[in-house]
Amino acid sequence: QVQLVESGGGLVQAGGSLRLSCAASGNIFSINAMGWFRQAPGKQRELVATIRSGGSTNYADSVKGRFTISRLNAKNMLLQMNSLKPEDTAVYYCNAHVTPYYYWGQGTQVTVSS
């Protein structure tokens, strides 16, 4: 019902910035909340940031103050990543919550060099 496509990943040096985008299609007006998750090699997927339809947000402690999640509209979500650290290296996934389901994008690689 909802399709998600991430873009904007790449290679950046520590201290640099990167902006990820998520484009949603399908039944986009049924989305209750969206978020960004990431998964490093050999690690569990972890929450990075979420944003609800009303605009409220929350962040993982590890990215608080450095990352900003936003929704431009029902179709487009952004993750602005500043002051990047090598430990931010991971595949970043877009997620959309449509009760009772969760949808995922294909992921985009972010690599931060030291």
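Reading guide: rules and limits
Residues numbered from 1 in each chain as written. Predicted model: local features only at pLDDT ≥ 70, side-chain atom pairs only at ≥ 80, totals over all residues. Heavy atoms only, no water. Phe/Tyr/Trp six-rings, centres within 6.5 Å; stacked < 30°, edge-to-face > 60°. Helix = DSSP H or I, 4+ residues; strand = E, 2+ residues; numbered from the N terminus. Buried < 20%, exposed > 50% of the residue type's maximum accessible area, 1.4 Å probe, protein only. Lys NZ or Arg CZ within 6 Å of the ring centre and 35° of its normal. Salt bridge = Lys/Arg side-chain N within 4 Å of Asp/Glu carboxyl O.

Enquirer: Hey, could you go over the packing of aromatic side chains for me, with residue numbers and the actual values?
Expert: In the structure shown here, the tally under the stated rule is 3 aromatic pairs. Arranged with centres 6.5 Å apart and planes meeting at 85 degrees, the rings of Tyr93 and Trp104 form a pair that is edge-to-face. Taken as a pair, Tyr93 in strand β9 (residues 90-98) and Trp104 in strand β10 (residues 101-104) lie far apart in primary sequence, 11 residues in all. In this structure Tyr93 comes out as buried when scored by relative accessible area, which is 13%. A cation over an aromatic ring shows up here: Arg45 above the ring of Tyr93, its NZ or CZ 3.7 Å from the ring centre. The side chain of Arg45 reaches across the aromatic face of Trp104, ending 4.6 Å from its centre.

Enquirer: Talk me through the pattern of salt bridges; I want residue IDs and the actual numbers.
Expert: The full count for this structure, using the stated rule, is 4 salt bridges. Linking Arg38 and Glu46 is a salt bridge whose minimum nitrogen-to-oxygen distance equals 2.8 Å. Its salt-bridge partner being Asp88, residue Arg38 comes within 2.9 Å of it at the nearest N-O pair. You can see Arg38 sitting in strand β4 (residues 33-39) and its partner Asp88 sitting in the loop between β8 (76-81) and β9, a full 50 residues away along the chain. Take Arg38 and Asp88: they sit in the same class, and that class is buried. A single network of salt bridges, built from pairs that share partners, joins Arg38, Glu46, Arg66 and Asp88.

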